[in-house]
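Working through the structure, step by step
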Amino acid sequence: MITTLRHLFVNSWAGRAAALLIFLAFIGWGVGDVYSNMGTASSNEVVRVGERSITPDDFSRALSAQLPVVAKQIGLADPSKLPKGEVEQVARQTLQNLVIQNETQLAAARAGMVVPDELVRQEIFAIPAFHNAAGKFDRSVFNDRLARIGLSEGKLLQAIREDIASRGLLQGMGQSVVAPSSLTERMLSFDASQRVFDLVQILFASGTVPAAPTDDQLHRFYDNHPQMFRTTEYRHAKMVVMTPESVAKTIEVPDDVLHRLYDFQARTYDVPETRTLQVLTFTDQAKAEAAANAWKSGISWDDIQKKFPEAAAVSLPSVRQSDIPNPELAKVAFAAPADRISGPEKTGMGWVVFNISAVIAPHKTTFEQAKNDLKTQVQNQEAGEALQARQKQFQDAVAGSSTLEQIPSDLGAIPAAGTLDSNGMTQDGLPAPIPGDAALRQAIVHQIFTQAKGAQPTVVNGPNGTAFSLLVDEVHPGSLKPFDSVRDQVVQAWTAEQKHHAADLRATVLFNAAKAATLRKALDGQPEASALRQDVTVSRVHPDQSLPQNVLRGVFGLKPGTSGMFETPDAFWLVNVTADKPASAEDMKTLGGQLSGEYVQSMRSDIPVALNAAMEKAVPPSHINMALYNQVVTAAAPAAGNGAQ
């Protein structure tokens, strides 16, 4: 939930603080004492972490806020319908998160960290959610926002104080990490070292056929390759397909979330007058006056810039008055008439001459007008996670439906059915209307033509996080075409095979000669010598894009002084590695810094995991009250055990 809200509301450094206000209400800092009858810190506790307690209130508020989020992700409007196993998993993770929060605060206290009141005050004053229309902190707005989410001022102050302490403790972690030079040098040597080689391409088409085929040869080829001369096979399949786009449409988004998102995007939906400006700025008044006169004579914007190259020229499309960094220009520009050259005007940045080419009146998009767009934003943001969360339900539904006709529609699975060939084309020669993008379509078609007719449907993981299941219920195999009707095709196929064989023999002769000496010597005086490429130099970071991937891989697998032979769909390639070269100075500089940075980032990402383990070892949770734990879980989702299994 915290991750989702951060994506929804945090688009800037200031937004992080704004998000704090929202998600604190969901992690146990003030959703309301709904479960206060279950006990207080003074009477009991679920877990003790050092001298800090996680009370039933703490745990129940956090869990009751998390369960609706998980329910929504898997398409359930009512958290009480969550499967029991899902509730227990969420409960364990929620309690673990609370333990980590408390251990972090204990670590900060042991480090002697004290957060000054002034720093807390600055943090609160910087939260945009507490600002009025003028962008200033407003006590009435502050009180109203806290009341709306049921958060007391004391709880907010405590939360922000502890958040600052946590950041102070954790943000510096890993800043002193340095990548070992020995490791980065080995990685750099592997990626940037250069391989020098000679190569030649022997095209299949270059092979020669000594004589035209006889009827016996053609009939034998026809009999040995029946798959090449059959009519198209078609298969009919039923399928259900889950994509992020299909799942997004089924995600329920409460109006309160949309209202908060609307408030945080007020700049997008409540737009004052905007203007499009073209501005020239001069340091000399006389030059500015000359430019104004020339511009007023009808010269274009492009030409006026060329005529006065000494001017600082800038175009400001659809800007608000507050967006213009020069306050004097902003004031005169929003007072000037449209479609008229104005100035010169004296500002703190010089003499400005400007043109107002467009004026858009103030306009406001109401919440109701923006609601569908806001809902789509949230749905698309949560779609990927929701799709993964629904995988188990999808698998269970497919396992219980041999015909794929009982898949719940609220999962976001799109049904489809039709007849197609192995290229995904219908009998009308049109692409089959399979849901999803090209990669998913290809995966589905491949599955249709590898899955046996009538086989029990299973869930297949597709590309980009998608999933699908299908049932092949009809197969119309192609039939062998009569020899006389495909004779020309047989001749072409036989000829192509003979040329391939001839090219193979020729390449093998040259390859054996190259192994005995070098490729250059093997080609000396041979017809293929003109196609020889010498001293080709590549590295793993600078591959030759004109070469096939298997040839490049083979080059790096050969030792200097050795040769290799590789096949691609249309040719044989002969390669002779002649030398290894160290990485270039430029690569050593640019790639070296990049590799070092990536390795440092990798090590830093491991630090939080190690830190959590260390903190838990220093102050392990104790006094775990399983009775209270179970009581909180049951109270948070009393009917969960009766949910869909």
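What comes next is a walk through the structure. (Residues numbered from 1 in each chain as written. Predicted model: local features only at pLDDT ≥ 70, side-chain atom pairs only at ≥ 80, totals over all residues. Heavy atoms only, no water.)

1. A look at the overall build of the protein chain
Within the protein chain one finds 23 helices and 16 strands. Here the protein chain holds 645 residues, and 41% of them are scored as buried. Of the roughly 33,600 Å² of accessible surface on the protein chain, 52% is carried by carbon and sulfur atoms. (Helix = DSSP H or I, 4+ residues; strand = E, 2+ residues; numbered from the N terminus. Buried < 20%, exposed > 50% of the residue type's maximum accessible area, 1.4 Å probe, protein only. Areas by Shrake-Rupley, 256 points an atom, 1.4 Å probe, with all protein chains shown as cover.)

2. Things to note about the packing of aromatic side chains
Within this structure, the stated rule accounts for 13 aromatic pairs. Measuring from centroid to centroid gives 5.6 Å for Phe 137 and Phe 142, while their planes differ by 55°, and the two rings are tilted. Phe 142 gets classed as buried once you look at its relative accessible area, which sits at 2%. Consider the rings of Tyr 262 and Phe 367, whose centres lie 5.7 Å apart with planes at 85°: the pair is edge-to-face. You can see Tyr 262 sitting in helix 11 (residues 255–264) and its partner Phe 367 sitting in helix 16 (residues 367–389), a full 105 residues away along the chain. Across the pair, exposure class does not vary: Tyr 262 and Phe 367 are buried alike. Here the guanidinium or amino end of Arg 275 rests over the ring plane of Phe 334, the centre of that ring lying 5.5 Å away. (Phe/Tyr/Trp six-rings, centres within 6.5 Å; stacked < 30°, edge-to-face > 60°. Lys NZ or Arg CZ within 6 Å of the ring centre and 35° of its normal.)

3. Describing the packing of helix 9 (residues 215–224) against helix 19 (residues 487–516)
It is the contact of helix 9 with helix 19, at a shortest axis distance of 10 Å, that shows an interaxial angle of 90°. With respect to each other, helix 9 and helix 19 are oriented roughly perpendicular. Contacts between helix 9 and helix 19 involve Asp 215, Gln 217, Leu 218, Phe 221 and Tyr 222 from the first element and Arg 487, Val 490, Val 491, Ala 493, Trp 494 and Glu 497 from the second. Here the contact of helix 9 with helix 19 is composed, by residue class, of seven nonpolar, one polar and three charged. (Axes fitted to C-alpha atoms, helices over the stretch in contact; angles between N-to-C directions. Parallel < 35°, antiparallel > 145°, perpendicular 65-115°, else oblique. Contact = heavy atoms within 4.5 Å. Nonpolar A, V, L, I, M, F, W, Y, C, P; charged D, E, K, R; others polar.)

4. Some points on the environment of Leu 119
Tracing the backbone shows Leu 119 in helix 5 (residues 117–125). For the pair formed by Leu 119 and Ile 164, sequence separation is 45 residues and the distance between their alpha carbons is 8.5 Å.

5. Considerations on the sheet that holds strand 4 (residues 234–242)
Strand-to-strand pairing in sheets goes through backbone hydrogen bonds, with the strands running parallel or antiparallel. Across the sheet, four strands lie side by side as 11-4-13-12; this open sheet has antiparallel pairing. Sheet topology places strand 11 (413–420) and strand 12 (460–461) at the edges, where each strand pairs with a single neighbour. As defined by bridge partners, strand 4 adjoins strand 13 (residues 467–476) across nine bridges and the pair is classed as antiparallel. Within the sheet, the bridge partner assigned to Ala 237 lies in strand 13 and is Val 472. Set on the sheet, helix 18 (residues 438–448) makes contact with strand 4, strand 11, strand 12 and strand 13; between it and strand 13 the angle comes to about 45°. (Pairing = 2+ DSSP bridges.)

6. A word on helix 6 (residues 139–148)
All of the buried residues along helix 6 are Val 141, Phe 142 and Leu 146. Considered in projection along helix 6, the buried side chains sweep an arc of 130° and stay on one side of the axis. (Arc of directions from axis to C-beta.)

7. Brief notes about the sheet that holds strand 3 (residues 194–203)
Overall, antiparallel pairing links the four strands, which are arranged 14-3-16-15 in an open sheet. On the outer flanks of this sheet lie strand 14 (533–539) and strand 15 (563–568), each paired with one strand and no other. Going across the sheet, the axis of each strand differs from the next one's by a mean of 35°, ignoring polarity. Sheet analysis places strand 3 next to strand 14, joined by five bridges and oriented antiparallel.

8. Topic: the pairing of strand 9 (residues 350–360)
Pairing of strand 6 (residues 274–282) with strand 9, which is carried by nine bridges, proceeds in the antiparallel orientation. In the sheet register, Thr 281 faces strand 9, and the bridge partner there is Val 352. In this sheet, strand 9 lies alongside strand 8 (residues 341–347) in antiparallel orientation, the contact comprising five bridges. Each bridged residue has a counterpart across the sheet, and for Thr 347 the counterpart in strand 9 is Gly 350.

9. A closer look at the environment of Asp 504
Looking at where Asp 504 falls in the secondary structure, it is placed in helix 19. Here the alpha-carbon distance between Asp 504 and Ala 571, two residues 67 residues apart in the chain, equals 8.9 Å. Setting aside residues up to four positions removed in sequence, Asp 504 forms contacts with Met 565 and Phe 572.

10. Some remarks on the pattern of salt bridges
Side chains that differ in charge, positive against negative, can pair when their charged atoms come close. In this structure the tally under the stated criterion is 20 salt bridges. Here Glu 405 makes a salt bridge to Lys 238, at a shortest N to O gap of 3.0 Å. Of this pair, Glu 405 sits in the loop between helix 17 (391–399) and strand 11 while Lys 238 sits in strand 4; the two residues are 167 residues apart in sequence, bridging distant segments of the chain. Lys 238 sits in the partly exposed class, given a relative accessible area of 24%. The salt bridge involving Lys 287 is made with Glu 310; its shortest N-O contact spans 3.7 Å. Of this pair, Lys 287 sits in helix 13 (residues 285–296) while Glu 310 sits in the loop between helix 14 (301–307) and strand 7 (312–319); the two residues are 23 residues apart in sequence, bridging distant segments of the chain. What you see here is one network of salt bridges that share partners, running through Asp 57, Asp 58 and Arg 61. (Salt bridge = Lys/Arg side-chain N within 4 Å of Asp/Glu carboxyl O.)

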